[in-house]
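# Architecture and fold: a report
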Amino acid sequence: MVSSILVTGGTGFIGSHTCAALLNAGYDVIVLDNLSNSDSSVIQRLGQICGREPSFIKGDIRDTSLLNTLFQEHSVSAVIHFAGLKAVSESVDKPLMYYQNNVGGTLTLLTAMQLANVKTIIFSSSATVYGDPVSVPITENFPRSCTNPYGASKMMIEDILADLYTTKSNWRIGRLRYFNPVGAHASGLIGENPIGIPNNLMPFITQTAAGLRQEVSIFGNDYDTPDGTGIRDYIHVEDLANGHLAALDYLNQNRELLTVNLGTGQGASVLEMINTFEHSTGCQVPYRVVGRRQGDIAECWADTKLANHLLGWQANRGLEDMCRDAWRWQLRCLRD
Ligand code: NAD
Ligand code: WQD
């Protein structure tokens, strides 16, 4: 039986781009997703992009019997685990749902993996675990903290994985801390399609440029940054997807607990993002400065030396690519 990579949350934003990268690199892929924040049409679109589709199982990572059957029926060499809920404000309103889905779901998944003797996992962690960092750029050994249940769920899962590594050192574990993933696949066939009002900056910009929203509210221009607006490390989702392949290669060669930042190492302000979007697409993005958003930090960007050194990986798409690709995808969403 040919071995496959199981991708939980594989129809979602980052998962779908990682599936495309895996399929293009020759891997066989099984997607497990409950479609709570995505659409199964992604599977056919992956077929269009890659010339073959991943296998798709609609199901939940909290479903023990489904997982046990999946691992019995398929030979899985590694799991890339994206499935999770990710809206910070929703996590404050519904903490139990977040802990059940993210932490409970991961425990169920890990237990089924252990039973099936599948011991390689790459987990989607987040720069949110750095809280409000004392300085930038942020290295992996910075202290961790959190201010909301979403961030807490990421820290808890990181800790569970570390404990698992310590007690069962035959596990190979990647904890990848993503910075701000944006953009879409260059084919224009897959991207990020948030349900309702977007929480994140880039989808807000593209929806405003498309006329779906009146203006972008800039959350504060009184931060201690060059133009006063918040600075983040935006990374193209295709670069991020490739980071997973590099991590998989690394873990295949090294039995380790790998913890790395995946970012570009460059910060961009909110105003810079809007200006770059306007220049690279020719679209206007009306905006207005409003008060700070609660819980926001001034600046956050990655030190990427460890990922560069260990994985031989670096992001190579710039802000203009991110804006152009996000816009191409937004236009596709308007047509579909
Ligand atoms: P997404 O919502 O687009 O994808 C997550 C997918 O998981 C969705 O398709 C959803 O239907 C599925 N899912 C959720 N709960 C599930 C469950 N219990 N069982 C099966 N499937 C389930 O989000 P994304 O942006 O692709 O994020 C992927 C992962 O990366 C998440 O764990 C997220 O926390 C993490 N992350 C995202 C960002 C970001 O800004 N997008 C940054 C850092 C980390
Ligand atoms: C970026 C910048 C905002 C929207 C969040 C999560 C984090 C991670 C990524 C998963 C900030 C400003 C935004 C808007 C604005 N997700 N902004 N107007 O806050 O860095 O991180 O997503 O792990 O956990 O907290 O990303 O895209 O929301 O904001 O001015 O309408 O844009 O203030 O400076 P953030 P974001």
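To keep things clear, this report deals only with the structure shown in the data block. Computed from a predicted structure; not experimentally measured.

## Description of the environment of Asn199
Looking at the secondary structure, you find Asn199 in the loop between strand 7 (180-182) and helix 7 (201-209). In this structure, the C-alpha to C-alpha distance between Asn199 and Ala87, residues 112 residues apart in sequence, is 7.5 Å. Beyond its immediate stretch of four places on either side in the chain, Asn199 contacts Ala87, Ser89 and Arg293.

## Overview of the site of ligand 2
In the vicinity of ligand 2 there are 17 residues, among which Ser126, Tyr150, Ser217, Arg232 and Asp296 approach most closely. Between ligand 2 and Tyr150 there is a distance of 2.6 Å, counted from an oxygen atom to a side-chain nitrogen or oxygen. For ligand 2, an oxygen atom lies 2.9 Å from a polar atom in the backbone of Phe219. Protein contacts shield 86% of the accessible area of ligand 2, which totals 690 Å² for the unbound molecule. Here the shell around ligand 2 is composed, by residue class, of seven nonpolar, seven polar and three charged.

## Focus: the site of ligand 1
Near ligand 1 there are 28 residues, and of these Ile14, Asp33, Asn37, Ser38 and Tyr150 occur at the shortest range. Within the backbone of Ile61, a nitrogen or oxygen atom sits 3.1 Å from a nitrogen atom of ligand 1. Measuring from a nitrogen atom of ligand 1, one finds a side-chain N or O atom of Asn101 at 2.9 Å. Here ligand 1, which alone exposes 820 Å², has 95% of that area covered by the protein. Mapped onto the shell around ligand 1, the elements with two or more residues apiece are helix 1 (13-24), strand 5 (120-126) and helix 6 (149-167).

## Re the nonpolar core
A general feature of soluble globular proteins is that nonpolar side chains tend to end up buried together. Leu22, Leu176, Leu258, Leu262 and Leu311 are the most contacted members of the largest nonpolar core, which has 40 residues in total. Tallying contributions element by element places helix 8 (residues 237-253) first for this core, with nine residues. Leu22 has contacts with Ile5, Val7, Tyr27, Val29, Ile80, Leu245 and Leu248, leaving out every residue within four places of it along the chain. If you look at the next biggest cluster of nonpolar residues, it comprises 23 residues, including Leu70, Val103, Val118 and Trp171.

## Looking at the layout of surface pockets
Quantified by volume, the second largest pocket comes out at close to 190 Å³. Every residue lining the second largest pocket is counted, 15 residues in all, and those nearest its centre are Glu192, Pro194, Thr206, Gln207 and Gln330. Secondary-structure elements contributing two or more residues to the lining of the second largest pocket are helix 7 and helix 11 (319-335). When residues in the lining of the second largest pocket are grouped by element, the largest group, five residues, is from helix 11. In terms of residue class, the lining of the second largest pocket is made up of nine nonpolar, five polar and one charged.

## A word on helix 7
Most of helix 7 sits inside the fold, with nine of its nine residues counted as buried. Every buried residue of helix 7 is accounted for by Leu201, Met202, Pro203, Phe204, Ile205, Thr206, Gln207, Thr208 and Ala209. Buried-residue contacts for helix 7 involve strand 7, strand 8 (216-219), strand 10 (234-236), helix 9 (270-281) and helix 11. Gly211 lies just past helix 7 and shows a positive phi near 85°.

## Some remarks on the environment of Tyr178
Residue placement: Tyr178 occurs in strand 6 (residues 172-178). What makes Tyr178 buried here is its relative accessible area of 5%. Separated by 52 residues in the primary sequence, Tyr178 and Ser126 place their C-alpha atoms 4.7 Å from one another. With residues near it in sequence (within four places) discarded, Tyr178 still touches Ile14, Phe82, Ser124, Ser125, Ser126, Ala127, Leu240, His244 and Leu262. One polar contact links Tyr178 to Ser124, side chain to side chain, over a distance of 2.7 Å.

What counts as what
Residues numbered from 1 in each chain as written. Chains lettered and ligands numbered in written order. Predicted model: local features only at pLDDT ≥ 70, side-chain atom pairs only at ≥ 80, totals over all residues. Heavy atoms only, no water. Helix = DSSP H or I, 4+ residues; strand = E, 2+ residues; numbered from the N terminus. Contact = heavy atoms within 4.5 Å. Near = heavy atom within 4 Å. Polar contact = N/O pair within 3.5 Å; in protein donor to acceptor, adjacent residues only side chain to side chain. Areas by Shrake-Rupley, 256 points an atom, 1.4 Å probe, with all protein chains shown as cover. Nonpolar A, V, L, I, M, F, W, Y, C, P; charged D, E, K, R; others polar. Core = buried A, V, L, I, M, F, W, Y, C linked by side-chain atoms within 4.5 Å. Buried < 20%, exposed > 50% of the residue type's maximum accessible area, 1.4 Å probe, protein only. 1 Å grid on protein atoms, 1.4 Å probe; cavity = no way out; pocket = protein on both sides within 12 Å on 5 of 7 lines; lining within 4 Å. Points joined across faces, edges and corners; volume = space filled by probe spheres on them.

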